[in-house]
Structure formats: structure tokens, C-alpha cells
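Structural overview for review
What follows is the residue order along each chain.
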Amino acid sequence: MKETVLIVEDQFVEANDLRLILQKAGYRVTGIARAVSKALECIQEEKPDIVLLDIFLKGPLTGIDLAKQLNELNIPFVYLSANSNQEVLSAAKETQPDGFLVKPFREKDVLVTLEIARYRHAHTRDSSSGRESQLQKQLLPIFNEAISWEQKLLKAGKGIQPFIPFEYLSAGIYNKLETSYNDVGFLRIGFDEYQVIGVNELMVITNLKRHELVALQSQTHQDTTATRYEATAFKQLCVQPCIQLLIADTFEMNSYLVFPILLPNGQLFHFSFYSRRLDAYQAQHLSLVSRLQPFLATAVGRVLSKENRFDLKLNNNSSLDSQKKGSIPLFDGIIGSSHQLLNVFDHIMMVAPSDTSVLILGESGTGKERIANCIHTYSPRKLKPLIRVNCATLPATLIESELFGHEKGAFTGATDRRIGKFELATGGTIFLDEIGEMPLDMQVKLLRVLQEKEIDRIGGRSSIKIDVRIVAATNRNLEKEVAQGRFRLDLYYRLNVFPITLPPLRERKEDIMDLTTHFIQHYNRKTGKKITGLSSKVLDTLMAYNWPGNIRELEHFIERSILLTKGTIIEDIGFLNINPTELNMPDKGHIKTIDENEREHIIEVLKKCNGRIWGEGGAAQLLNVPPTTLNSKMKKLGIKKVYQGNS
Ligand SMILES: Nc1ncnc2c1ncn2[C@@H]1O[C@H](COP(=O)(O)OP(=O)(O)OP(=O)(O)O)[C@@H](O)[C@H]1O
């Protein structure tokens with residue numbers, strides 16, 4: 001049967017061109033709509049397999065409005081976009097499209113994008129529904145285990161965490177009229193570590209008496225259906241004193257999702273998820289909880305009635321101590337417990353067991369290579385090789401032979417047969433670092449490998465089947481690269497099946513202390529020194545600094561400081577070589593040196609040209625110096641690649 005497509009486009013000529021292209025390629029067009037209202041009518045008449053969707057349409061609603069409804073209906077869609085206005089693109093991206101076609105498009109682009117969109121949609125749907133049924137299977141037995149009620153809830157919460165992320169979870173029976181408050185809470189403090197916050201603990205932490213908690217509970221709005229509150233809605237909910245406000249204030253939470261369950265005895269039980277992120281909860285979380293509702297109601301109801309625990313008295317021995325730390329250091333060598341990093345860990349654990357391609361995004365020095373190692377280590381491929389290729393350092397002329405290998409005599413200088421990195425990684429993982437630097441002609445070849453899972457050695461007679469998982473990383477903004485024609489859109493969509501974004505260090509300053517301690521211990525061991533800590537002045541500076549070079553820069557700072565410190569405390573920040581513009585501290589009449597001025601100017605220009613040094617419009621051309629001179633100046637002034645792609 002032919003695949004069906006609905007075209008939503010207000011320009012008649014473009015819509016008609018698309019129709020011809022699609023029909024020629026064997027698709028059936030179910031309709032052409034110029035406005036959202038017409039599109040909805042078409043969908044009512046016949047649900048298409050996929051929608052091609054322009055952003056600006058006739059009428060008051062945009063393609064982005066329609067996209068939200070398509071998500072609810074689980075219909076894949078690809079945007080047709082005429083401009084790369086960053087704001088519109090970000091709003092469109094939030095709707096999680098299955099592809100983007102940038103106008104004007106060629107016939108080939110349309111067909112390839114459609115093919116990728118279908119692959120992506122089917123893949124994410126299959127893998128998420130597979131994971132979800134896994135979750136259902138895993139949740140039910142928890143409620144039958146011979147463990148305490150709190151342990152059951154915590155175990156269930158840990159299982160749900162990858163699907164509905166939270167930093168605080170509370171659960172209990174809604175009992176407005178009763179005279180007790182019995183919710184139990186779990187505060188996430190590490191990847192697999194949670195602090196149990198029972199009523200006693202909550203009283204200690206908040207300095208409230210039991211009757212005050214009960215009074216607060218009686219004023220609290222109780223949702224009877226699953227509801228999500230993003231930042232603004234959550235603030236509105238919290239204008240009156242209530243339990244949610246208490247938790248938000250005490251544990252610094254910014255968004256909230258409540259999931260009430262109607263128990264067989266007619267009482268309402270709730271799971272309340274809180275997140276520090278502003279918009280952690282989306283429509284897909286609500287649909288997940290509605291699917292979990294029926295069997296959780298039975299499981300929770302059965303436990304509560306069996307244990308006669310409808311009053312939910314907590315064990316008095318639930319203590320402020322966190323649950324025991326897992327004895328296996330799960331993310332060995334990756335230090336930090338900020339909620340941003342924990343979220344990255346959740347994503348790693350979600351994707352590692354599958355063969356899905358992963359794209360790791362993040363500024364230079366944020367730890368992308370470490371994350372790639374981790375994905376490999378937690379995959380079933382862990383006993384096979386992990387092969388790293390740095391696409392930025394390979395000369396364009398060698399990259400093909402490096403990746404795919406060559407036969408003896410394939411070109412001048414090919415004196416022996418060479419096995420390429422893809423073949424070396426057989427059964428394992430290939431890590432394509434700095435993928436944003438890959439030349440366009442190689443991108444085409446890589447795309448073929450991804451699509452057909454086979455490679456051609458240079459000079460070889462036949463293709464070789466390969467079984468390799470791809471993990472790629474870049475510090476560039478690939479969407480910008482696509483918009484500027486430097487990165488292929490089709491390759492971007494193939495790689496971007498599962499993106500993991502590493503937050504810069506300046507956005508998770510709470511990790512600075514842990515990282516500093518870790519690096520001090522590490523370099524103490526290496527150098528035999530006995531540094532015990534930092535002065536408070538140095539610590540203040542570290543916390544105020546913006547860390548453009550991220551963790552790598554912090555590590556270098558500690559390494560230098562350890563070598564240069566005479567006593568046992570690091571007291572001098574001179575080694576940090578700080579650029580005052582990177583420091584969020586009051587400037588006390590500092591006069592900039594010529595070097596500082598030059599450094600700032602170069603950074604400004606680099607930001608303008610998206611980090612590009614060479615070629616037309618590159619920083620070297622703008623500054624009117626040879627690229628090699630600019631490179632050595634950057635080295636001398638300590639300007640790192642971090643400015644590339646992060647303007
Ligand atoms: N969470 C972490 N805990 C401890 N060390 C870390 C962490 N993240 C990164 N590092 C250290 O910081 C340095 C930079 O990390 P890595 O090379 O993985 O970054 P990257 O993002 O791949 O950088 P680039 O984009 O420049 O290749 C390494 O020495 C790494 O060991």
C-alpha cells in the first residue's frame with residue numbers, strides 16, 4: 001500500500017511542486033491544506049502516514065500550533081521552512097519534528113528527508129514503547145516484594161525516573177479532612193541516591209510542627225486528574241501557602257507534575273514529581289502516566305489494603321541518611337551530581353543498551369569523550385573495541401582511507417592493505433569526535449554507511465558489511481551549520497536520533513566543589529604533594545568564574561596550582577589566568593593590559609564568525625592576518641576552541 005502524505009502549505013506553486021515530486025516517487029497525497037483548520041479537516045477524513053508542514057500559513061494559527069496536535073495524534077511531521085530565524089526554529093524544534101526541509105529544496109532532499117523521518121519516527125516509537133512495556137513489567141513485581149512500603153515507592157520511583165525525570169518525588173493519600181499528613185518524599189542527591197524525607201525529616205528541615213503541616217495540607221489544591229505545571233503555572237499554583245510551595249521553596253523546585261490514582265476503595269493516592277528545570281514536564285509525560293494509571297491503581301491499592309496501611313504511618317526509623325550508595329561506581333570518573341548531570345546519566349542508561357546512534361552535544365571540555373566511553377561501557381558491545389576518530393585532526397586527503405581502509409596499490413603510496421577504523425570497530429562502537437568538522441564529501445559517504453551498513457575500502461572490489469554502533473560528538477551548533485550549508489541535513493537527522501546535551505560548567509556550578517576535590521586528590525597522587533584544599537578567596541573566584549574552557553580548564557587550573565603551591569592550601573588565583581570578562585565579580589578599577597585587550601578582540605571576532613578561522617569570512621580574513629599567525633596568537637593568549645560554534 002502506498003504511503004500517504006498530507007501537504008500543509010499556503011503557497012500554491014510550492015504545494016503543487018511537492019505533490020508532483022511525491023506522486024512521482026510513489027506516495028499518495030491525501031490533500032493540500034493552506035490553513036490549520038483545513039489541515040485538521042483533512043486529517044479527520046483520512047489520517048495520513050506523515051505530514052509536510054509549512055510554518056507560516058493562512059489564518060491565525062501556525063504550523064507550530066498544528067504540530068502540537070500532530071504530536072497528540074502520533075502523526076510524524078516534517079517542517080518546510082523558508083528561513084532559519086533562530087527564534088522560530090527553536091520554537092519549531094520544541095515540538096520535536098521528525099525532520100526539517102529548508103526551502104528551496106531539491107527533489108532528492110524531499111525524498112531523503114521523508115525516508116529519514118519515517119525511520120526516526122518508527123525507531124523512537126518502537127524503542128520508547130519497548131522501554132515502556134519493560135517499565136510496566138518491572139513496576140508490578142516491586143509492589144509484591146517483601147520490602148517496606150517506602151522501599152517499594154522508592155524502587156518504583158527509580159524505575160519511573162528515566163521516563164518522568166524528577167529531583168523530588170512525594171507520594172501518599174490525599175486526605176484533606178483527616179488530621180494527619182503522611183506523604184513520603186524522596187530527594188535525588190546522586191545518580192542512584194535518594195534521601196528519604198518522611199514527615200519527621202520534613203518537620204526538621206522546614207522547621208514546621210506536625211499540626212502546621214496538616215494545616216498546610218488542608219489548604220493545598222488537590223488535582224483529581226494528572227496535571228503538569230511548567231514554571232509559570234507552577235508559580236501561580238504556589239501563590240497561596242500549600243504543600244507544593246513548601247517543597248518548591250525548600251528544595252528549589254521549578255516545575256511539577258501530579259499523577260493521582262483512584263484506589264479501589266475510592267480514595268485518591270498521588271505521585272507528585274518535582275523538577276528543578278523550568279519545563280521538565282511535557283504532554284508525553286501526561287500520556288505515559290495515564291497509561292500507567294490502571295495497573296498502578298491495582299498494585300498500590302492491593303498493598304495498602306493488605307498491609308492495612310491506608311493511614312500510611314511511616315517507619316519511624318526512616319532517617320535523614322541517604323539510601324545506601326550503590327557499591328558499583330556507575331559512572332566511573334565522571335564527577336558531579338548537579339541535576340543537569342544526573343539527567344545526562346539517565347539518558348545514557350536509557351540509550352546505552354540499544355544500537356541507536358547517539359549525538360553528544362556540548363562545548364569543548366564538558367566531557368563529551370567521557371560520555372561516549374560510558375555509553376560504550378554500558379552497552380552489550382562493551383567487550384568489543386571502542387574506536388575513536390577525531391574528524392578535526394584528520395587531513396581531508398586521508399580521512400576516507402582512515403575510516404574505510406584501502407587495498408594495496410589503491411593510490412600512490414598505498415604500499416600495503418590498510419584496515420579502516422570502521423572495520424576495526426566491528427562488533428563495537430565508533431566514536432566520531434568533532435563530527436561538525438567533517439568535510440562535505442565525506443559526509444555523503446558516512447551517510448551511506450549509516451543507511452546501508454556497509455563500507456567500501458578504497459580500491460576494493462566489493463562492499464563489506466559492518467556491524468558498528470555510531471556515537472558522534474561536536475561542540476558546534478549543527479543546526480546552524482546545516483543552515484549555512486556546511487553540514488548535510490540528511491546526515492544531521494540520521495545522527496540526531498538520540499541527542500545528549502552536556503551542560504557547560506557555568507550552568508552547574510554546584511559541581512565545581514566536587515570536581516575540584518577530585519582533581520586535587522588526583523594530582524596529589526600524581527605529584528606526591530599534600531594539598532588539602534583552597535582558600536575561601538580562591539573558592540569564591542572559582543564560583544564566580546564563567547569557565548569558558550569548562551572542566552578541562554578547571555582541571556588545568558588545579559594541576560598548575562598544585563605544582564606551584566608551596567604550602568598545603570591553594571591561595572593564589574594568579575595561575576588561573578582569568579579574563580575579567582569571564583568573571584562575574586565587581587571590577588575594582590582594573591586596567592586591561594594590551595594582551596587582555598587583544599584576547600578579547602580576537603574572541604569577539606571568533607564569536608562573530610562562529611569559530612571559523614580559515615577561508616572566506618573566517619576570523620583570519622576579518623582580522624587581516626594569515627590563519628597560521630592567528631592560530632599561534634590564540635595559543636599564546638590561551639584562547640581555546642571553545643569559542644567555535646558557540647557564538
Ligand atoms: N564529569 C567529569 N568528571 C571528571 N573529569 C571530567 C569530567 N568531564 C570531563 N572531565 C575531564 O575534562 C577533560 C575534558 O573532557 P573531554 O575530553 O571528555 O571533553 P570534550 O567535551 O570531549 O572536549 P572537546 O570538545 O574539546 O573534545 C578531560 O581531562 C576529562 O577527563
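Residues numbered from 1 in each chain as written. Predicted model: local features only at pLDDT ≥ 70, side-chain atom pairs only at ≥ 80, totals over all residues.

1. Examining the overall build of the chain
When helices and strands are counted, the chain shows 24 helices and 22 strands. Burial statistics for the chain: of 647 residues in total, 36% are counted as buried. Residue pairs in contact within the chain that sit at least 24 positions apart in sequence constitute 69% of those at least 6 positions apart. (Helix = DSSP H or I, 4+ residues; strand = E, 2+ residues; numbered from the N terminus. Buried ≥ 20, exposed ≤ 12 C-beta atoms within 10 Å, placed from the backbone. Contact = placed C-beta atoms within 7 Å.)

2. A word on the sheet that holds strand S20 (residues 498-501)
Here five strands make up an open sheet; going across it, the order is S13-S16-S19-S12-S20 and the pairing parallel. Of all the strands in the sheet, just strand S13 (386-390) and S20 have a single pairing partner and so form its edges. Each neighbouring strand pair of the sheet contributes to a mean axis angle of 20 degrees, computed without reference to strand direction. For strand S12 (residues 358-361) and strand S19 (residues 469-474), the ladder comprises four bridges, and the chain directions are parallel. (Pairing = 2+ DSSP bridges. Axes fitted to C-alpha atoms, helices over the stretch in contact; angles between N-to-C directions.)

3. A short note on the environment of lysine 93
Its location among the elements puts lysine 93 in helix H4 (residues 86-94). Through-space distance from the C-alpha of lysine 93 to that of isoleucine 64 is 9.2 Å; in sequence the pair is 29 residues apart.

4. Some details on the sheet that holds strand S7 (residues 184-188)
Across the sheet, which stays open at both edges, the six strands sit in the order S8-S7-S6-S11-S10-S9 with antiparallel pairing between neighbours. Strands with a single pairing partner mark the edges of an open sheet, and in this sheet they are strand S8 (194-197) and strand S9 (227-229). Each strand axis lies, on average, 15 degrees off the axis of its neighbour in the sheet, ignoring direction. Pairing of strand S6 (residues 168-173) with strand S11 (residues 268-275), which is carried by six bridges, proceeds in the antiparallel orientation. Within S11, the position partnered with isoleucine 173 by the bridge is phenylalanine 269.

5. Overview of the environment of isoleucine 458
Among the secondary structure elements, isoleucine 458 is positioned in the loop between strand S17 (454-455) and strand S18 (464-465). When the 15 C-beta atoms within 10 Å are taken as the criterion, isoleucine 458 is described as partly exposed. Leave out the neighbours within four places in its chain, and isoleucine 458 touches Glu400, Ser401, Phe404, His406, Glu407, Ala410 and Phe411.

6. Structural notes on the site of the ligand
Around the ligand lies a shell of 18 residues, among which Ile335, Ser364, Gly367, Lys368 and Glu369 are the nearest. Contributions of two or more residues to the shell around the ligand are made by helix H13 (368-377) and helix H21 (550-564). Split into classes, the residues belonging to the shell around the ligand amount to four nonpolar, eight polar and six charged. Counting residues domain by domain, the shell around the ligand receives three or more from each of domain 3 (356-362 + 373-503) and domain 4 (507-643). (Near = placed C-beta within 6 Å. Nonpolar A, V, L, I, M, F, W, Y, C, P; charged D, E, K, R; others polar. Domains from an automatic or database assignment.)

7. Things to note about the pairing of S8
Looking at chain direction, S7 and S8 are connected through four bridges and run antiparallel. Paired with phenylalanine 186 across the strands is valine 196, a residue of S8.

8. A look at the confidence of the model for the chain
Considering every residue of the chain, the mean pLDDT works out to 83; 88% of them sit at 70 or more. pLDDT under 50 marks residues 642-647. Its contacts with residues more than four places away, or in other chains, come to 22 contacts. Listed scores for the predicted complex are pTM 0.63 and ipTM 0.96. (pLDDT = per-residue confidence, 0-100.)

9. Structural notes on the pairing of strand S10 (residues 255-262)
In terms of burial, S10 is largely enclosed, as seven of its eight residues are buried. Alignment of S9 against S10, held across three bridges, turns out to be antiparallel. Within S10, the position partnered with arginine 228 by the bridge is leucine 257.

10. A short note on the environment of histidine 121
For histidine 121, the position within the fold is in helix H5 (residues 107-142). Owing to 20 C-beta atoms within 10 Å, histidine 121 belongs among the buried residues under this scheme. Between the alpha carbons of histidine 121 and isoleucine 75 there is a distance of 8.8 Å; along the sequence they are 46 residues apart. When sequence neighbours within four positions are dropped, the list of residues in contact with histidine 121 reads Pro76 and Asp98.

11. Structural notes on the packing of helix H12 (residues 339-351) against H13
Closest axis-to-axis distance for the H12/H13 pair is 9 Å, and the angle between their directions is 35 degrees. For the crossing formed where H12 meets H13, the hand is right-handed. From H12, Val344, Ile348 and Val351 reach across to H13, where they touch Ile371, Cys374 and Ile375. Counted by class, the contact of H12 with H13 contains six nonpolar, no polar and no charged residues. (Left-handed = near helix turned anticlockwise from the far one by under 90°.)

12. Regarding the nonpolar core
Ranked by internal contacts, the top residues of the largest apolar core, which has 79 residues, are Val8, Leu52, Leu53, Val78, Ile360, Ile371 and Ile430. No other element matches H12, which puts six residues into this core. Here this core spans two domains, since at least three of its residues come from each of domain 1 (4-116) and domain 3 (356-362 + 373-503). Filtering out sequence-adjacent residues up to four positions away, leucine 53 remains in contact with Val8, Gly63, Leu66, Ala67, Phe77, Val78, Tyr79 and Leu80. In this structure, Leu154, Tyr168, Val196 and Tyr281 belong to the second largest nonpolar core, which totals 48 residues. (Core = buried A, V, L, I, M, F, W, Y, C linked by C-beta atoms within 7 Å.)

13. Focus: helix H6 (residues 149-160)
Helix length check: H6 (12 residues) gives 17 Å between terminal C-alpha atoms against 16 Å at 1.5 Å per residue, within 8%. Looking at H6, one finds that the buried residues are Trp149, Lys152, Leu153, Leu154, Ala156, Gly157 and Ile160. (Expected span 1.5 Å × (residues − 1).)

14. Considering unusual backbone geometry
For glutamine 96, which is not glycine, the phi dihedral falls at a positive 55 degrees. Mapped onto the elements of the fold, glutamine 96 is located in the loop between H4 and strand S5 (99-102). Positive phi is not limited to glycine here, since glutamate 252 has a value of about 60 degrees. For glutamate 252, the location among the structural elements is in the loop between helix H10 (243-251) and S10.

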